[in-house]
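Summary of the model geometry
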Amino acid sequence: MTLSISSLEEPGRECPLCPRLVEFRQGNREKFPDWHNGPVVSFGPKDASFLIVGLAPGLRGANRTARPFTGDYAGDLLYQTLERFGFSEGTYQSEGGDDLKLVDCRITNAVRCVPPENKPIGAEVKACAPFLQMELAGPRRVVLALGGLAHGAVLSGLGIPKSRFKFGHNAVHEPGANFALVNSYHCSRYNTNTGKLTEAMFEDVFNTIRGLLDTR
């Protein structure tokens, strides 16, 4: 039996859905043949209560290492925060190949392939939507959207108009019974360097998340 794209849990390595990303992927394979250079699969247990949704793999991060948020500053900040709040065990290494495991937490991206200039377009978010919907269909009680694009992608994946819930840092939305959508500015180096997001602000978000999980 041939599976349709919408029935797959993860995109295949040669996913053809986004022509611009396919072209960029091929160019990166020629320039960086030792890198992953393909769709990045989700990381963490499928039955996790807590799902983190990022934007897309970074060129020198997950696109290189094949694991979400691994290999760049955003991952350094995210994984140290996950450890601090009890969502991981083992040791994180930015090059991957470590013994890190997530605890009741799973990480994915709205777009699974690295986009040029780290900026996916709307058609690419839409093409990847079935994979995000698969993630949202799990036993999630809290979803963290890192940035406005991820926030919008989650709402679209849930079939909810984006106008219903406005993105705001550390905002908590209730799109369904026993289910919360939490927002944070993306933990990128740009946001931390400009002061848009500090480590304390990021920890405030995780305090919110831990409180939601502990009371539900």
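Details of the structure are given in the entry above.
We now turn to the structure provided with this report. (Residues numbered from 1 in each chain as written. Predicted model: local features only at pLDDT ≥ 70, side-chain atom pairs only at ≥ 80, totals over all residues. Heavy atoms only, no water.)

A word on the packing of helix α3 (residues 73-84) against helix α7 (residues 199-215). With their axes 11 Å apart at the nearest point, α3 and α7 run at an angle of 45° to one another. The angle between the axes of α3 and α7 places the two elements in the oblique class. For α3 against α7, the interelement crossing comes out right-handed. On α7, the residues that touch Tyr73, Leu77, Leu78, Gln80, Thr81, Leu82 and Arg84 of α3 are Glu199, Phe202, Glu203 and Phe206. Across the contact of α3 with α7, the residue classes tally to six nonpolar, two polar and three charged. (Axes fitted to C-alpha atoms, helices over the stretch in contact; angles between N-to-C directions. Helix = DSSP H or I, 4+ residues; strand = E, 2+ residues; numbered from the N terminus. Parallel < 35°, antiparallel > 145°, perpendicular 65-115°, else oblique. Left-handed = near helix turned anticlockwise from the far one by under 90°. Contact = heavy atoms within 4.5 Å. Nonpolar A, V, L, I, M, F, W, Y, C, P; charged D, E, K, R; others polar.)

Across a sheet, paired strands are connected by hydrogen bonds in the backbone, their directions being either parallel or antiparallel. Strand order in the open sheet formed by five strands is β4-β1-β5-β7-β6, with mixed pairing between adjacent strands. Two strands in the sheet have a free side with no partner beyond their single neighbour: β4 (105-109) and β6 (172-176). Strand-to-strand, the axes of this sheet are offset by a mean angle of 25°, without reference to chain direction. Pairing analysis gives five bridges linking strand β5 (residues 142-146) to strand β7 (residues 179-184), with the strands arranged parallel. Looking across to β7, one finds that Val142 is bridged to Ala180. (Pairing = 2+ DSSP bridges.)

Right, let's get into the packing of aromatic side chains. Scanning the model with the defined rule gives nine aromatic pairs in all. For the ring pair Phe43 and Tyr79, a centre distance of 6.5 Å and an interplane angle of 65° mean the geometry is edge-to-face. Placement of the pair is Phe43 in the loop between α1 (19-31) and β1 (50-54) and Tyr79 in helix α3, with a sequence separation of 36 residues. Under the relative-accessibility criterion, Phe43 is labelled buried at 16%. (Phe/Tyr/Trp six-rings, centres within 6.5 Å; stacked < 30°, edge-to-face > 60°. Buried < 20%, exposed > 50% of the residue type's maximum accessible area, 1.4 Å probe, protein only.)

An α-helical segment advances 3.6 residues per turn. Residues three or four places apart therefore align on the same side. Here α1 spans 19 Å end to end across 13 residues, near enough to the 18 Å set by a 1.5 Å rise per residue. Among the residues making up α1, those that are buried are Leu21, Arg25, Asn28 and Arg29. Relative to the axis of α1, the buried residues are bounded by an arc of 105° and lie together on one face. Among the exposed residues of α1, those pointing more than 90 degrees away from its buried face are Pro19, Glu23, Glu30 and Lys31. Of the surrounding elements, those touching the buried residues of α1 are α2 (62-65) and α4 (122-136). (Expected span 1.5 Å × (residues − 1). Arc of directions from axis to C-beta.)

Moving on, we come to the pairing of β1. With five of five residues buried, β1 lies mostly within the body of the structure. Taking every second residue as pointing to the same face, both faces of β1 are buried, with Phe50, Ile52 and Gly54 on one and Leu51 and Val53 on the other. Two elements, β1 and β4, share five bridges in a ladder whose sense is parallel. If you follow Val53 over to β4, its bridge partner there is Thr108. As judged from the four bridges shared by β1 and β5, these two strands associate in the parallel manner.

Where α4 meets helix α5 (residues 148-157), the axes come as close as 9 Å, and the angle between the chain directions of the two elements is 70°. Between α4 and α5, the interaxial angle falls into the category roughly perpendicular. Between α4 and α5 lies a crossing whose hand is right-handed. Listed contacts from α5 to Val125, Leu132, Gln133 and Leu136 of α4 are Leu149, Ala153, Val154, Ser156 and Gly157.

Any functional reading would require information that these geometric values do not contain.
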